Structure formats: structure tokens, C-alpha cells
Amino acid sequence: MKAFHFIIFCFLLTGTLKAKSTSIEIPSNRLLTDQELIELVSESNDSMHLIKKEYNNSAVNAVIMLAEYYKQFFAEHFYYDWRGLHEKFNSYKKLFPEKMMEHQRRAKEHTQLFSSNTRWKLPFKTLDGNEVTAYQLRHLARQHKAFDMALVNYYEDNRNNYIEYFINQVKSLNQNYFDNNVETGGNDVFEYFRSGYRIFNWLNIHNIYLSSEVYETEDQMLLIKTFLYHGAEMYKRTKKFNNGNHHTKGLMSLALLSIMFRDIKGTEIWLKHALDGLTRHLEEEVNEDGFQFERSIHYHKGDINNYFYVYYLAKLNGISLPEVYLTRFQSMFDALIKLAFPNKTLPVLQDDTDGPWSEFNNLSSVITLASILFNNPSYSYFMEEKVPSEYFWFLRDKDINKIETSNKKPPEFLSTSLPKTGYYIMRNGWNKNDMCMIISAGLSAKKPDHQHGDMLGLVAYANESNVLPNYQVRYYLNDYNFFKNSLVKNVAIVDSSLHGKKWIPNSGGSGFGKWKILPNPNTILWQSHSDYDVFIGTHDGYKNDGVTYFRKVIFIKDGFWIVKDLFEANSNHNFQQVWQGHYTFEDSSKSLRSTFANGCGLDILQLRQEDYYYNYGSFRGKGNVVVNSGLKNKFDYLTILYPFNNFEERFSGTGVDGMKIKEWSINAKFLDYQNDQIKIEGRDIINKSSTYFVFDCEKIKFASNEIMFLSPADVTIMVNNGNIQVNMLTHQNLELRFSNIENVIVNGKQINELILKDVSPGSEIFIDRSKVN
């Protein structure tokens, strides 16, 4: 009956079809008529020429020919050939047997909430009688679960009820949109992120349903016309460039539409606009270090997908992309493996939302895609043994089969950085028990919306455990803003004042929000050496309170981290450290201890035993401890973070001084300098053999020479074959004085004065002691 009505409709139009063509554009506020669509068909190939010719003879035949043309075009030019859907679907079921229950659940959730003839403007009720929330409307607009319905329809032996439901929901949106009865403003149904998601999902659904005889010519033409007015609207809305993943998503969908319907006049303009815009996003929003500018793993991976969908479909269709597109796209994968933990997961950074409260992000799925695309052994090291389910429907079988022949090799780098983005990575190996820490020291200048209150915050991994975790979030949870701030981070704060200030909720009421005020960071020093790394940074988060703050992190690569937090103020304040985890205070070792399921743990030891007091917190099954200094106008925390592998390796003893961590001595009462023939005056000394980390060092004496620091300084001292090397771990320039200058080299240059002013952080002092009198 549906086909009969379609033929009658075409027949009634025949009288107008032979009228002289007029110049038209694809409208954004209505569906094209058949006549207009045929007029817009370019005669770029013989098939299109015959369709236009036939239209003057028989409207019915021409429209059927056009639908058939695009049916075959999708088979040859889309991500996979729908003609082989039966085999591909069977492969999908075999590879991912657990996924069908998930698809069924999601399909059921959608159909139980919304009718096929649903409304698209708030307020209205779900089918179970509840008010539709802004969050639910946004997901309806994205058509998140329509793809699940398409798979379930095929899984359930083509019962086809989902096809009818889908077509009616498309018609429902079209009619409501043309009648100006869709949500606008903060929850705009045609906002380019939501509309872009919808276009993307519907293109994939359209390709699946092409395999069904129930998906008739009329349905196919409805979708083609719907795609085209969506494209016209998307082109109009995305003309103004806007930073962020929403605009990127819109341009991605417009590029896909333009590639698949490039035989329609006007789409060539869309394609150029989309590719130019996406390239600009890559240039402006993927930093030189390869990470997406919003600084979130979730949004970084989301943009990888956006760029991949265009990259792969363009490649299938012989469409060239700019060189900067290709290089920046690949650099995004390089950035991810720089951040990887030794257990082949990723840390949680900023607004990561895939699994609320999770303490890690998945790496293997997206890096498996990278291995398939670029055949890089370092990517393959992290990959899965089979194609990830989320990419199964977007890769040709010949590319999926590359997984079986991939060579795997761990990355050659260990410690590294993403300096433009502001992530600094300390790592001592790629074995699952090795150690890794990420320091967050960046703020997106253009769009810090997804930034958390974690300036100079730490996340750390060791012994197969996230020993200093961060947590994923979900926007609609009522404590989202709490999880987006400092009490659930590993940071330093002052007077319980958190880094994020002045919460701005999203105008659409979806739960999302951002901080109006966040600290501005400054990285003072980052150096990576074979046996230790050092990071020194500051931020202005407490400037208005008259407090200056610096954080130093030193990674002793054979076992632990040292964190020094420095505060100085013009009045008394309570200076605090916040550490994530469930801790108890161990009286015997004067340390905080957290333990994990495999028997490993983390000991946090304050080297300077002051009258600290501790506040313990718990939330959503998580925990933290806040260390308080009490009211002071100047204070330094000098903290050891020691991840122990098992019970026997934990901190033990009755005090700090004289304690040993592996082979490192802490403030040994009688340091044996005889072999090194030097004497060190400093408040705290951690040493092993002839390597010394000295905190608040005042003087270094050796032979007939000495180095005096006008202000106490943090330094490393290494004595090797008669030579002394001193590295400045300072947070500001200092003045140094030497008793003589013979064979003293500073930053590669022989000095000629006894007093050196403005010696900068990271400076290296080298003395050939064998030549000193």
C-alpha cells in the first residue's frame, strides 16, 4: 500500500516535471520535491544522465532509478558494503556475543521512553508518564540509540517493527521542524553537535536498512531528502567558526553527507567548507604536542573519532585531505601513548565521562584503530587482539584483518611531556609493575569548559594500581561540580578554598557546568634525566589571598616521588595537601597508608615532622585525606610518596631520620662523605652512594672550594670520578658565591667571577675537582 501511494504521488507530479528547470538551492526548512531533487542531480556520470533523461518520461521510474543508484553507491562507497551485511553481522555476533544484549537494552530504553511520533519540544512526557528531562531530550535529538535499534532489527530476524518506528520518528522530526515546533535555545534539537550526531547515526542506519526489502524506495527517498535539508541547515549553522568539539561534530557530519551525496549540486560547497573547517580545528585545537586543547581524554578521543570518520571515508572515495590534517590526526595517537600507564590504560584527566567514578580510561580500543591505520609497532603494543566493537562498522574487512599481522614493540620513550597542553609524564618503564605519574599544569586558553580544579594536580600508577587516582564524572549527577573540584584531586589548597570558583551551570539544564575562575599555571622547570625527573611549577590561584605557591615533584626512578609544596603569605593561613585514597595513619612509621587489592600500597611520609592534623573524607565509595599545617604565614611540605609492592617493602621504623627506602637514606645522622670528600649543609638530605638530593641547601664544601647559596636552595649533587655536578632544583633565580672559580663551569661556560647572580632553575654547575688546588 505504501508503494502504491508513492507511485500515485509521482504520477500526479508528472505534469509539472516537464516544466523548464529553474536554478534552485537545497532548502534548509523543507524537503525537496522529486522534481527539485532531479534538477539538482549533476550529470557527473552516465547513471545520473540517464536518471535525468528518464525523469522527463516517467517520474516513477526516475525516482526508483535514483534510489537504486544511491543504494548501489552506498554499497561501494560507504564504510562497509551493505550487500554483505549478513556475513558482517554474523562476524559481529561471533566477536562480540555480549553486545547484543546491550543493543537490545538500549533499543528497549528508547522505545519505552519515546513514541515513534514523539514531540521534540519541552515540556512533554515520556511514555511512562514522566516529564522528559533536558538530558533525555538531548539524547533523543542525537538519536543515540537508533543505531542499536537497527542492529536489533537485524538480530531479531528482520521483524521490521524498528524500521517502521525509525521512519515514523524521522517523519515526526521533519514535521515538527517545518512547523517550528522543535526545542531551540540551550537544548536546540538542531544545534550542530546534536544534529551532527543525528546525521552520523542516521547515515549508518540508512546503510543497514538498505539490506531490507521492507525499506522501500519511498523510505529511502525520505532519508535522502532529510539528509539534504539537514546538510543545508548544518552548512548555514557552521559558517561561523566556533572552537570546541560541538562545531567539529557538525562539520564531520556535513563532510560525510557531502561525500556520499556529492552528485547533488551544492554539496561540493559543503564539502569544501567542512574540510576547511575541520582542518582549521586540527590546526587550532590539536596542540603541537598532539593533544586536543580541551585537555580531556574523553574529548580527545571523541575528536579522534570525528577526524577518523572523515579520514577513512575520504580515503575510500579517493578524496585527498590536506597534509596538516593527516599529520595532526596521527599526532593525536602519539599523544595518547605518551600518557599511557604501564598497564596499557590511560589516566583520568578533566571531564572524562565514559564511566562515572572509574579511575582509568580505555586506551586499547582507540590505539587498535591507530595500529590498523598506520601500522606502527608502538601503537600495536597497546592494541586489542580483535577489532574494537565501536570501530567494527566503520572499517573494511581488509583493514580489520591487519590486526592479525601487527608487530608489537613498546615505545622507546619513558618520561616525556605534552608541554603545550600542560601534561608532564614521569615513567620508569613499561612493565605492569613500573611507575608513572602525570602532572597537570595547563589551562585551555580558548575553551576551559571541561577543566577541573586540579592545577598542578597529580595522578600516579604503580604495581598495577592507581595509587593516586582521579575519577570520571557524569554531568547529570547532582555532585558533578564537587567531583570537578579540588577535594577529589591530588593538589595543594589554602584555607579549604578550592581551585574552581564561581560555578556556571549549562543554560539547557542538562547538568553540565564550568568554573568561571581557575588558576593560571606556569611551568618553571621540566627536566628528565636517566635516574630522576624534576618538575617545578606555580599557579596564581591564591594571589588574591596574598599567598604565593610553588610545587616541586622529583621522581627518583628506582622507587619513589618527592613532592615539595611551598607557601608564603603576608598573614596566617592553613596550608593543605589533598590526597586521594582510603588512608590510615601508621603510628610506627608516622606515615599515611593506603593499600590495594593485590597487596601493594602507597605510603605518604612527611619528612618534616610538624603538628599536622588530618581530615578524612568519603564520597561515592571514594576517599581522601587532607593534611593541614595549622595557621602559619610560611610553610613547606616535604613529602615522600612511596608505592610499595608488598607487605615486606612497606615503610617500617619509628621515625623519619635514618629511615631507608630501598637503598636511599633519609637524613642519615652520620653521612659518610669520605669517598666523595665533600661536606653538605642542608636541612634534608636523601642520598644513595654518591648521589644527593638536598633540600634547603646552604653550602657545599669540597677541597679548597665551596659553593654558598644566598638563599637556601634545593639541589642534586652527583660525585663521579672526581667531578662534582650540581643541578639547581630551585623555583626562582638565586645568587651563588664561590670561594674560587678554577675549573667551575655553569651551564657549559667557564665562570670568571666569584659571585653569580640570577642563576636560573635547572642550571648545571660542573667542577673538575681533580684540577682544583
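Residues numbered from 1 in each chain as written. Predicted model: local features only at pLDDT ≥ 70, side-chain atom pairs only at ≥ 80, totals over all residues. Heavy atoms only, no water.

I'm lost on the overall build of the chain in this one. Help?
Helices and strands together make up the secondary structure of the chain, namely 20 helices and 30 strands. When contacts within the chain are restricted to residue pairs at least 6 apart in sequence, long-range pairs at least 24 apart make up 64% of them. Charged side chains of the chain number 85 positive and 89 negative; the gap between the two group centres comes to 3 Å. (Helix = DSSP H or I, 4+ residues; strand = E, 2+ residues; numbered from the N terminus. Contact = heavy atoms within 4.5 Å. Lys, Arg positive; Asp, Glu negative; His and termini not counted. Charge placed at Lys NZ, Arg CZ, Asp CG, Glu CD.)

When you look at the packing of helix H15 (residues 323–339) against helix H16 (residues 364–374) in this model, what are you seeing that I'm missing?
In a packed pair of helices, the relevant descriptors are the angle between the two axes and the axis-to-axis distance. Contact pair H15 / H16: the axes reach a minimum separation of 11 Å and the direction vectors enclose 135°. One finds that H15 runs oblique with respect to H16. For the pair H15 and H16, the crossing hand works out as left-handed. Residues Phe329, Gln330, Phe333, Leu336 and Ile337 of H15 lie in contact with H16, whose contacting residues are Val366, Ile367, Leu369, Ala370, Leu373 and Phe374. Its residues placed into classes, the contact of H15 with H16 shows ten nonpolar, one polar and no charged. (Axes fitted to C-alpha atoms, helices over the stretch in contact; angles between N-to-C directions. Parallel < 35°, antiparallel > 145°, perpendicular 65-115°, else oblique. Left-handed = near helix turned anticlockwise from the far one by under 90°. Nonpolar A, V, L, I, M, F, W, Y, C, P; charged D, E, K, R; others polar.)

What is the right way to look at unusual backbone geometry in this model?
A negative phi holds for most residues other than glycine; trans holds for most peptide bonds. Leu122 connects to Pro123 through a cis peptide bond whose omega is 0°. We note that Asn463 has phi near 55°; this positive angle belongs to a residue other than glycine. Residue position: Asn463 is located in the loop between strand E6 (457–462) and strand E7 (465–468). For Asn463, a relative accessible area of 8% corresponds to the buried category. (Buried < 20%, exposed > 50% of the residue type's maximum accessible area, 1.4 Å probe, protein only.)

For this particular structure, what's the right way to read the pattern of salt bridges?
Note that side chains of opposite charge can pair when their charged atoms are close. A full pass over the atoms with the stated rule returns 39 salt bridges. Linking Arg237 and Asp188 is a salt bridge whose minimum nitrogen-to-oxygen distance equals 2.8 Å. Of the two residues, Arg237 is situated in helix H11 (residues 217–237) and Asp188 in the loop between helix H9 (161–178) and helix H10 (192–209); the sequence distance between them amounts to 49 residues. Classification of Arg237 as partly exposed rests on a relative accessible area of 27%. Lys557 is the partner of Asp533 in a salt bridge, and the nearest nitrogen-oxygen pair spans 3.0 Å. Of this pair, Asp533 sits in strand E12 (residues 532–539) while Lys557 sits in the loop between strand E13 (547–556) and strand E14 (560–580), and the two are 24 residues apart along the sequence. The pair formed by Asp533 and Lys557 is uniform in burial state, with each residue classed as buried. Where salt bridges share partners, they join Lys552, Lys564, Arg608, Asp636, Asp684, Asp696 and Asp714 into one cluster. (Salt bridge = Lys/Arg side-chain N within 4 Å of Asp/Glu carboxyl O.)

Can you walk me through the packing of aromatic side chains in this structure?
Two measures describe an aromatic ring pair: the distance that separates the ring centres and the angle between the ring planes. Counted by the stated rule, this structure contains 76 aromatic pairs. Here the aromatic rings of Tyr135 and Tyr476 are separated by 4.7 Å at their centres, their planes lie at 70°, and the arrangement is edge-to-face. On the criterion of sequence distance, the pair formed by Tyr135 in helix H7 (residues 134–142) and Tyr476 in the loop between E7 and helix H20 (480–483) is long-range, its members being 341 residues apart. Residue class for Tyr476 comes out partly exposed when judged on its relative accessible area of 45%. Looking at Arg198, its charged tip hangs above the ring of Trp202, at a distance of 5.9 Å from the centre. In this structure, Arg280 is placed above the aromatic ring of Phe241, and the distance from its NZ or CZ to the ring centre is 3.9 Å. (Phe/Tyr/Trp six-rings, centres within 6.5 Å; stacked < 30°, edge-to-face > 60°. Lys NZ or Arg CZ within 6 Å of the ring centre and 35° of its normal.)

Explain the side chain of Arg198 to me, please; I cannot follow it from the model alone.
In this structure, Arg198 sits in helix H10. Buried and without a salt bridge, Arg198 has Asp188 as its closest oppositely charged side chain, separated by 7.4 Å. Filtering out sequence-adjacent residues up to four positions away, Arg198 remains in contact with Ala141, Arg142, Gln143, Leu173, Val189, Phe190 and His230.

I tried to follow the nonpolar core on my own but got confused; where do I start?
If you look at soluble globular proteins, the nonpolar side chains tend to sit buried side by side. Membership of the largest hydrophobic core comes to 142 residues, with the highest contact counts inside it found for Phe261, Phe308, Leu339 and Trp393. In contact with Leu339, not counting residues within four places along its chain, are Phe291, Ile297, Leu346, Pro347, Leu349, Leu418, Tyr423, Ile425, Arg427 and Ile438. If you look at the next biggest cluster of nonpolar residues, it comprises 42 residues, including Leu468, Phe535, Phe555 and Tyr637. (Core = buried A, V, L, I, M, F, W, Y, C linked by side-chain atoms within 4.5 Å.)

For this particular structure, what's the right way to read the sheet that holds strand E4 (residues 423–427)?
Hydrogen bonds between backbone groups are what pair the strands of a sheet, and the pairing can be parallel or antiparallel. On the basis of which strands lie adjacent, the open sheet formed by five strands has the order E3-E4-E5-E6-E7 and antiparallel pairing. Edge positions in the sheet fall to strand E3 (416–418) and E7, since each has one partner strand and no second. Neighbour-to-neighbour, the strand axes of this sheet turn through a mean angle of 20°, independent of strand direction. Pairing analysis gives five bridges linking E4 to strand E5 (residues 436–440), with the strands arranged antiparallel. For Met426, the partnering residue across the bridge sits in E5 and is Met437. Relative to E4, H15 is tilted by about 50°, and along the sheet it contacts E3, E4 and E5. (Pairing = 2+ DSSP bridges.)

Before we go on, may I ask you to explain the environment of Ile745 in this structure?
Position of Ile745 relative to the elements: it lies in strand E27 (residues 744–746). Ile745 gets classed as partly exposed once you look at its relative accessible area, which sits at 28%. Among all residues touching Ile745, those that are not within four sequence positions of it are Gln750, Glu764, Ile765 and Phe766.

What is the right way to look at the side chain of Asn727 in this model?
You can see Asn727 is positioned in strand E25 (residues 723–728). Looking at Asn727, the relative accessible area reads 1%, which means it is buried. Among the polar contacts made by the side chain of Asn727, one reaches the side chain of Gln725 at a distance of 3.0 Å. Those residues in contact with Asn727 that sit more than four places away from it in its chain are Gln527, His529, Tyr532, Asp714, Val715, Thr716, Met718, Gly762, Ser763 and Glu764. (Polar contact = N/O pair within 3.5 Å; in protein donor to acceptor, adjacent residues only side chain to side chain.)

Help me understand the pairing of strand E26 (residues 734–738) in this model?
Along any regular strand the residues' side chains alternate between the sheet's two faces. Where burial is concerned, most of E26 is hidden: four out of the five residues are buried. Where strand E24 (residues 705–720) meets E26, three bridges bridge the pair, whose relative direction is antiparallel. Note on E26: the bridge partner recorded for Phe709 is Leu736. Relative to strand E29 (residues 755–759), E26 runs antiparallel, the two being bridged by three bridges. Among the inter-strand pairings, Arg737 is bridged to a residue of E29, identified as Ile755.

Would you take a moment to explain the confidence of the model for the chain for this structure?
Should the pLDDT be low somewhere, the predicted coordinates at that spot are not to be read in detail. Taken as a whole, the chain shows an average pLDDT of 93; of its residues, 94% reach a score of 70 or greater. Low pLDDT, under 50, characterises residues 4–22; the predicted model gives this stretch 21 contacts beyond four residues in sequence or across chains. (pLDDT = per-residue confidence, 0-100.)

How should the packing of helix H8 (residues 146–155) against H9 be read in this particular structure?
Two elements in contact, H8 and H9, have axes separated by 8 Å at closest approach and are oriented at 155°. The pairing of H8 with H9 is recorded here as roughly antiparallel in orientation. Contacts between H8 and H9 pair Met149, Val152 and Asn153 from the former with Asn161, Tyr162, Ile163 and Tyr165 from the latter. Of the residues belonging to the contact of H8 with H9, the class tally is five nonpolar, two polar and no charged.

Is there a simple way to think about the state of the cysteines in this case?
Should the sulfur atoms of two cysteines be covalently bonded, the bond is a disulfide. All chains considered together, the criterion is met by zero disulfides. Here Cys436 is not disulfide-linked; the sulfur of Cys600 is the nearest cysteine sulfur, at 15 Å. Using a relative accessible area of 0% as the deciding quantity, one classes Cys436 as buried. (Disulfide = S-S within 2.5 Å.)

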